[in-house]
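Observations on chain architecture
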Amino acid sequence: MAVDAGKQPAKASGTYRIGGDLQVDRLGYGAMQITGSGVWGDPKDPAEAVRVLRRAVELGVTFIDTADSYGPFVSELLIREALHPYADDLVIATKAGLTRSGPGDWRPVGRPEYLRQQCELSLRHLGLETIGLYQLHRIDPKVPLEDQLGELALLKQEGKIRHIGLSEVTVEQIEAARKITPIVSVQNLYNLADRGAEDVVAHCERNDLAFIPWFPIATGNLARPGGPLDAISTEHGATPAQLALAWLLRRSPVMLPIPGTSSVAHLEENVAAAEVELTDSEYETLSQTT
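An unreviewed UniProt entry annotates the protein chain as Oxidoreductase of Micromonospora endolithica.

Printed below as a string of structure tokens:
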């Protein structure tokens, strides 16, 4: 499925209110891949990265997810270059809690003073006075959870962040966090081929927490010739990746997929998935395969 000029297919994904007040179109954009190899340094084509971000907004995307560790800071700085001053309906979510010492290296650090420093830097790099959704990128096992989330609660009290989210957590960790401060979102690995976070999705739906699946378009062997995605792809004239995104959008009303890419053509293909309507039979067929 291609995108006609001037269309905003992301609008077909429906809306969700993060924290009950930040309305976004459910199909968003994840800004990790606009950095260099290994999510490290500048991209090979910074101009294309800027074009991707601007095109995402043109296509109706109102939710962009990034992190201080993407680059580090490269993704946030590109978002500002491409989109500042921001449209009133654009929500930018970022994260802190993972440090980088090189390509592919990720280490959790949740010391309160570090999280505060990173929040201040993200505000500056993004050109924001308040970050709409600020997520703890990983829980640091060496620091009491009360200290990590307590600092984010203070930043919220100071007006520097509006809502707090978590990433890569269990149901038990979500509930422990909610006893410390209100939590509005969870970002875990989840896609058609890997549903290890099924219990977390169900928990988020029961408690009206946004669930943001990262790596959302992985299809694994499901897209093999003759496989379930292959047959339905032919029927719809859609790619397996588009079907994987359409399945996520159908899976739960709290689901906010954030497919990422560094190319405008791939972006347009991903966003067009919002207009793919699976039949009940197709949805069930995909749901029963892993």
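Moving on, there is more to tell.
Focus: the overall build of the protein chain
Assigned secondary structure in the protein chain consists of 10 helices and 11 strands. By principal-axis analysis of the C-alpha atoms, the protein chain measures approximately 55 × 40 × 35 Å. By residue count, 55% of the 290 residues in the protein chain fall in the buried class. Sequence separation of 24 or more characterises 74% of the internal contacts of the protein chain that already satisfy a separation of 6 or more. Total accessible area on the protein chain stands at roughly 12100 Å², and carbon and sulfur atoms take up 50% of it. Put simply, the protein chain has 27 plus and 39 minus side-chain charges, and the middle of one group is 3 Å from the middle of the other.

Here we look at the side chain of D65
With respect to the helices and strands, the residue D65 is situated in strand β4 (residues 63–65). For D65, a relative accessible area of 2% puts it in the buried group. A distance of 2.7 Å separates the side chain of D65 from the side chain of K95, its partner in a polar contact. For D65, the side chain forms a polar contact with the side chain of Q187, separated by 3.2 Å. Apart from residues no more than four positions distant in its own chain, D65 is found in contact with Y29, G30, A31, A93, K95, Q135, Q187 and I258.

Digging into the packing of helix α1 (residues 46–58) against helix α9 (residues 264–271)
The packing of two helices is summarised by the inter-axis angle and the distance between the axes. Relative orientation of the contacting elements α1 and α9 amounts to 25 degrees, with a least axis distance of 9 Å. The angle between α1 and α9 places the two elements in the roughly parallel class. As for the relative orientation of α1 and α9, their crossing is right-handed in sense. Counted together, E48, R51, V52, R55 and A56 of α1 and V264, L267 and E268 of α9 form the full contact between these two elements. A class-by-class count of the residues in the contact of α1 with α9 yields 4 nonpolar, no polar and 4 charged.

A word on the layout of surface pockets
By volume, the largest pocket amounts to about 450 Å³. Taken together, 22 residues form the lining of the largest pocket, with M32, Y70, Q187, W214 and F215 sitting closest to its centre. Tallied by class, residues from the lining of the largest pocket come to 12 nonpolar, 7 polar and 3 charged. In this structure, the second largest pocket spans a volume of roughly 280 Å³. As for the second largest pocket, its lining consists of L22, Y86, A87, D88, L90, V91, I92, L128, T130, I131, G132 and R162. For the lining of the second largest pocket, the secondary-structure elements that each account for two or more residues are β5 (91–96) and β8 (131–136). Looking at side-chain class alone, the lining of the second largest pocket contains 8 nonpolar, 2 polar and 2 charged residues.

So, how was this worked out
Residues numbered from 1 in each chain as written. Predicted model: local features only at pLDDT ≥ 70, side-chain atom pairs only at ≥ 80, totals over all residues. Heavy atoms only, no water. Helix = DSSP H or I, 4+ residues; strand = E, 2+ residues; numbered from the N terminus. Buried < 20%, exposed > 50% of the residue type's maximum accessible area, 1.4 Å probe, protein only. Contact = heavy atoms within 4.5 Å. Areas by Shrake-Rupley, 256 points an atom, 1.4 Å probe, with all protein chains shown as cover. Lys, Arg positive; Asp, Glu negative; His and termini not counted. Charge placed at Lys NZ, Arg CZ, Asp CG, Glu CD. Polar contact = N/O pair within 3.5 Å; in protein donor to acceptor, adjacent residues only side chain to side chain. Axes fitted to C-alpha atoms, helices over the stretch in contact; angles between N-to-C directions. Parallel < 35°, antiparallel > 145°, perpendicular 65-115°, else oblique. Left-handed = near helix turned anticlockwise from the far one by under 90°. Nonpolar A, V, L, I, M, F, W, Y, C, P; charged D, E, K, R; others polar. 1 Å grid on protein atoms, 1.4 Å probe; cavity = no way out; pocket = protein on both sides within 12 Å on 5 of 7 lines; lining within 4 Å. Points joined across faces, edges and corners; volume = space filled by probe spheres on them.

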